[in-house]
Amino acid sequence: MSVKTTRIAHLSDLHLLEPHPDGSRSYGFDVRFVSLGRKLDARERMRKVTRALQAARRAGVDHVVVSGDLTETGTARQFEAVAEVFHGSGIAPSDVTMVPGNHDAYTSPDAWQKALEGPLREYAPTSAHGPGAVVERPNFCIMPLDVACHQPVTRSSGELSDDNAEALERRLRDPAFSRKAIVVVQHHPPHPHKVPAWQWIDGLRGWARMMKLLEEHGDVQLLHGHLHYTVNRVVVGGRDRIFGAPAVVSEKEDTIRVRLYEVRDGLLESAGLIAA
Ligand SMILES: [Fe+2]
């Protein structure tokens, strides 16, 4: 008897916009500033995410993780665009885990919570709805974290809050999860920038606490976004345990890549990228 391999797809940095009847000139300064270098084509961005989700479905994934920057500036209408794309994908909301990124908090500090109570409410139980959030499945569990914070568009930092860190520490000590592949998901990578000024602008406050947790728990993997490119990193030697996915918004529409992982013997392993 063959046993089905458990697969997880990882999408990141969708930067969805609300479709605007008047085209790109109608977006405000904040959207044009944070989207510098990216075409302001809302429909094209939505099509890219749709194609990525279709590829994940074709690959027979058991779960989809989205590691933040779902929207460009976190407006209500942008979150409605996220809901429209995901609801149209045919993937059950219970099979999707979303976390917010810095872009999702530019408009207001409570935009993510409002989205989880509004257009994304069907995704809330399996997404970063608060400290200690966990998605339990037979052989893996996902611990989604909200490290986004409200700040001016000139900054792109994140923060691992004490509440989130303490709740995660309790989860990782819980023997109920010890036989499963544990996957922490957050938007920012858990590494510091080499230049202190850049760390202040773009880094994750509390990164050292997360790295310490990863050192102490050698069976935990972390998925992140933010960098917009593929990352495979070790923690202190050994196998890769920190993984970053390419940004869907930066992919060419006809060659979108989706990152895959497989769960084996209580661990998460990279299974490469598939083309959408
Ligand atoms: Fe991003």
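You'll find the structure just up there.
Parameters and conventions
Residues numbered from 1 in each chain as written. Predicted model: local features only at pLDDT ≥ 70, side-chain atom pairs only at ≥ 80, totals over all residues. Heavy atoms only, no water. Donors = N, O, S within 2.8 Å, 3.2 Å for Na, K, Ca; no water. Tetrahedral: all angles 85-135°; square planar, octahedral: opposite > 155°, others 65-115°. Helix = DSSP H or I, 4+ residues; strand = E, 2+ residues; numbered from the N terminus. Pairing = 2+ DSSP bridges. Axes fitted to C-alpha atoms, helices over the stretch in contact; angles between N-to-C directions. Buried < 20%, exposed > 50% of the residue type's maximum accessible area, 1.4 Å probe, protein only. Core = buried A, V, L, I, M, F, W, Y, C linked by side-chain atoms within 4.5 Å. Contact = heavy atoms within 4.5 Å. Phe/Tyr/Trp six-rings, centres within 6.5 Å; stacked < 30°, edge-to-face > 60°. Lys NZ or Arg CZ within 6 Å of the ring centre and 35° of its normal. Polar contact = N/O pair within 3.5 Å; in protein donor to acceptor, adjacent residues only side chain to side chain. Salt bridge = Lys/Arg side-chain N within 4 Å of Asp/Glu carboxyl O.

Which residues make up the coordination of the iron ion, and what are the values?
The protein atoms that coordinate the iron ion are Asp 13 (OD), His 15 (NE2), Asp 69 (OD) and His 228 (NE2), at distances spanning 2.0 to 2.3 Å. Note that the iron ion binds 4 donor atoms; their angles at the metal cover 87 to 173°, and the shape is irregular. Counting residues between consecutive donors of the iron ion along the chain gives the motif D-x1-H-x53-D-x158-H. In this pair, His 15 sits in the loop between strand E1 (6-11) and helix H1 (29-34) while His 228 sits in the loop between strand E9 (220-224) and strand E10 (231-233), placing the two residues 213 residues apart along the sequence.

Summarise the sheet that holds strand E2 (residues 63-67); cite the residues concerned and give the values.
The 5 strands lie next to each other as E3-E2-E1-E12-E13, forming an open sheet whose pairing is mixed. Edge positions in the sheet fall to strand E3 (96-99) and strand E13 (267-275), since each has one partner strand and no second. Within this sheet the neighbouring strands show an average axis-to-axis angle of 25°, counted without direction. In terms of strand pairing, E2 meets E3 through 4 bridges, oriented parallel. Looking at E3, one finds that Val 65 is bridged to Thr 97.

Got a sec to walk through the pairing of E1? Specific residues and values, please.
E1 sits mainly inside the fold: 5 of its 6 residues count as buried. Relative to strand E12 (residues 257-264), E1 is paired through 5 bridges, and the arrangement is antiparallel. From the neighbouring strand, Thr 6 faces E12, where its bridge partner is Val 263. As defined by bridge partners, E1 adjoins E2 across 4 bridges and the pair is classed as parallel. Bridging across to E2, Leu 11 finds its partner in Val 66.

Hey, could you go over the sheet that holds strand E4 (residues 135-136) for me, with residue numbers and the actual values?
Read across the sheet, 6 strands follow the order E4-E5-E7-E9-E11-E10 without closing on themselves; strand pairing throughout is mixed. At either end of the open sheet lies a strand with only one pairing partner, and these are E4 and E10. Where E9 meets strand E11 (residues 242-244), 3 bridges bridge the pair, whose relative direction is parallel. When the bridges of E11 are listed, His 224 appears paired with Gly 244.

Can you explain the nonpolar core? Please cite residues and give values.
Residues Leu 14, Val 64, Phe 86, Met 98 and Leu 120 are the most contacted members of the largest nonpolar core, which totals 51 residues. Each residue touching Leu 120, except ones within four places of it in the same chain, is listed here: Phe 79, Val 82, Ala 83, Met 98, Trp 112 and Ala 115. Counting 21 residues, the second largest nonpolar core, distinct from the first, contains Val 134, Met 143, Leu 213 and Leu 222.

Account for the packing of aromatic side chains, naming residues and giving values.
Applying the stated criterion across every chain yields a total of 4 aromatic pairs. A centroid spacing of 6.3 Å and a plane angle of 50° characterise the contact between Phe 79 and Trp 112, whose relative ring orientation is tilted. Residue Phe 79 is located in helix H3 (residues 76-87), and its partner Trp 112 is located in helix H4 (residues 111-117); the two are separated by 33 residues in the primary sequence. As far as the burial class goes, Phe 79 and Trp 112 line up, both buried. Aromatic pair Phe 243 and Tyr 261: ring centres 5.3 Å apart, planes at 55°, arrangement tilted. Taken as a pair, Phe 243 in strand E11 and Tyr 261 in strand E12 lie far apart in primary sequence, 18 residues in all. When the ring centre of Trp 200 is taken as origin, the NZ or CZ atom of Arg 155, which lies over that ring, is 3.6 Å away.

Report on the side chain of Ser 67, specifying residues and quantitative values.
Of note, Ser 67 is situated in strand E2. Among the residues examined, Ser 67 registers a relative accessible area of 0% and is labelled buried. A polar atom in the side chain of Ser 67 sits 2.9 Å from the side chain of His 10. Among the polar contacts made by the side chain of Ser 67, one reaches the main-chain amide nitrogen of Gly 225 at a distance of 3.4 Å. Among all residues touching Ser 67, those that are not within four sequence positions of it are His 10, Leu 11, Ser 12, Val 99, Val 185, Gln 186, His 187, His 224 and Gly 225.

I'd like a description of the pattern of salt bridges, backed by residues and values.
In the structure shown here, the tally under the stated rule is 16 salt bridges. Put simply, Glu 72 and Arg 45 hold a salt bridge, and the shortest N to O gap is 2.7 Å. Taken together, the positions of Glu 72 in the loop between E2 and H3 and Arg 45 in helix H2 (residues 42-58) put the pair 27 residues apart, joining distant regions of the chain. Its relative accessible area of 2% is what places Arg 45 among the buried residues. For Arg 264, the salt bridge identified is with Glu 262, shortest N-O distance 2.5 Å. A residue is classified by how much of its surface remains accessible, and Arg 264, at 39% relative accessible area, is partly exposed. A relative accessible area of 12% means that Glu 262 is categorised as buried. Within the structure, one salt-bridge network assembled from shared partners comprises Arg 7, Glu 262, Arg 264 and Glu 269.

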